[in-house]
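Listed below, chain by chain, are the residues.
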Amino acid sequence: ELKVEQNPLFLSMQEEKNYTIYCNYSTTSDRLYWYRQDPGKSLESLFVLLSNGAVKQEGRLMASLDTKARLSTLHITAAVHDLSATYFCAVRPNAMDSNYQLIWGAGTKLIIKP
Amino acid sequence: DTEVTQTPKHLVMGMTNKKSLKCEQHMGHRAMYWYKQKAKKPPELMFVYSYEKLSINESVPSRFSPECPNSSLLNLHLHALQPEDSALYLCASSHRTGGYYEQYFGPGTRLTVT
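Residues numbered from 1 in each chain as written. Chains lettered and ligands numbered in written order. Predicted model: local features only at pLDDT ≥ 70, side-chain atom pairs only at ≥ 80, totals over all residues. Heavy atoms only, no water.

**Quick look at the pairing of strand β4 (residues 31–37) of chain B**
All names here are of chain B.
Part 1 of the argument: The buried count for β4 comes to seven of seven residues, which makes it a mostly enclosed element.
Part 2 of the argument: Of the pairings in the sheet, the one linking β4 to strand β5 (residues 44–50) comprises six bridges and is antiparallel in character. Bridged to Trp34 within β5 is Phe47.
Part 3 of the argument: Counted along the chain from β4 to the antiparallel partner β5, the turn is six residues long, and its residue Lys40 has a positive phi close to 65°. (Buried < 20%, exposed > 50% of the residue type's maximum accessible area, 1.4 Å probe, protein only. Helix = DSSP H or I, 4+ residues; strand = E, 2+ residues; numbered from the N terminus. Pairing = 2+ DSSP bridges.)

**Quick look at the interface of chain A and chain B**
Part 1 of the argument: Across the contact, 20 residues belong to chain A and 26 residues belong to chain B.
Part 2 of the argument: At the boundary of chain A with chain B, total buried surface from both sides reaches about 1800 Å², with 56% on carbon and sulfur atoms.
Part 3 of the argument: Across the chain A-chain B interface, the total number found is zero salt bridges.
Part 4 of the argument: Across the contact surface, chain A and chain B share eight residue pairs in polar contact (both at pLDDT 80 or more).
Part 5 of the argument: Mapped by element, the contributors of at least two residues to the side of chain A that touches chain B are β4 (32–37) and β5 (43–49) of chain A.
Part 6 of the argument: A class-by-class count of the residues in the side of chain A that touches chain B yields ten nonpolar, eight polar and two charged. (Contact = heavy atoms within 4.5 Å. Buried area = accessible area lost by both parts, 1.4 Å probe. Salt bridge = Lys/Arg side-chain N within 4 Å of Asp/Glu carboxyl O. Polar contact = N/O pair within 3.5 Å; in protein donor to acceptor, adjacent residues only side chain to side chain. Nonpolar A, V, L, I, M, F, W, Y, C, P; charged D, E, K, R; others polar.)

**Regarding the sheet that holds strand β3 (residues 19–25) of chain A**
Where strands meet in a sheet, backbone hydrogen bonds hold them as pairs that are either parallel or antiparallel.
Residue and element names in this part refer to chain A.
Part 1 of the argument: With antiparallel pairing, the five strands of this open sheet are ordered in space as β1-β3-β8-β7-β6. For this open sheet the edge positions go to β1 (4–7) and β6 (55–58), each flanked by a neighbour on one side alone. Here the average twist between neighbouring strands, direction ignored, is 15°.
Part 2 of the argument: Taken together, the four bridges between β6 and strand β7 (residues 61–66) define a ladder with antiparallel strand orientation. Each residue of the ladder has a partner; that of Gln57, found in β7, is Met62. (Axes fitted to C-alpha atoms, helices over the stretch in contact; angles between N-to-C directions.)

**Quick look at the confidence of the model for chain A**
Part 1 of the argument: Residues of chain A with pLDDT of at least 70 account for 100%, and the chain-wide mean is 94.
Part 2 of the argument: Averaged over each element, pLDDT in chain A is lowest for strand β2 (residues 10–14) of chain A (95) and highest for β1(A) (98). (pLDDT = per-residue confidence, 0-100.)

**Overview of the sheet that holds strand β7 (residues 64–70) of chain B**
Residues and elements named next belong to chain B.
Part 1 of the argument: One open sheet accounts for four strands, arranged β1-β3-β8-β7; its pairing is antiparallel. With partners counted over all chains shown, the strands left at the sheet margins are β1 (4–7) and β7, one partner each. The mean inter-strand angle of the sheet, taken between neighbouring strand axes irrespective of direction, is 20°.
Part 2 of the argument: Sheet topology note: the strand β3 (residues 18–25)/strand β8 (residues 73–79) ladder contains seven bridges and is antiparallel. Among the inter-strand pairings, Cys23 is bridged to a residue of β8, identified as Leu74.

Shown next as structure tokens:
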């Protein structure tokens, strides 16, 4: 069964702290996506990771991909309140015929307290 | 134009009504998607159109009927819905960039079935 597991599912943290969200997946993939969703809003694309060892950074967020471990991480540095949102990872399995279907993680709800 | 638009933003309908959701993009993307998202869950893929042809139908009940009149427009026709169909309906579009498809999401239609 194709599974994408995120942890933690809920994270409450203080501003200025660092933390990491983990995304494990059960099948080979070299396309992993991170999205952000604010409450009641749509999904915003954050990062696309395409190869083993890929690392991308945008502001206080950094994402990395280890295809051998089937693991991606989203690291938050010196969190600020504006980063409060739900973060989803999604994987396009290599074995899937379609380029359009993604397997989604359950999402990590991140609350950053001032 | 770098966005996906959806109308209406909110829709309340009875179980005997017929209504339609509309999605539009002018980015030249040739794949368009409908997703359903329940609260605190990841989005669930419903339909994908590729080059205006239905490419994926994820066993969606026939009370949901998609239509792609042209490469910029995507409709979702609703008829005889059930209260459990209440959700956020998201449209997305994508194009191929360097071997991957990054999906861009619209703001969604919040549907309530009474």
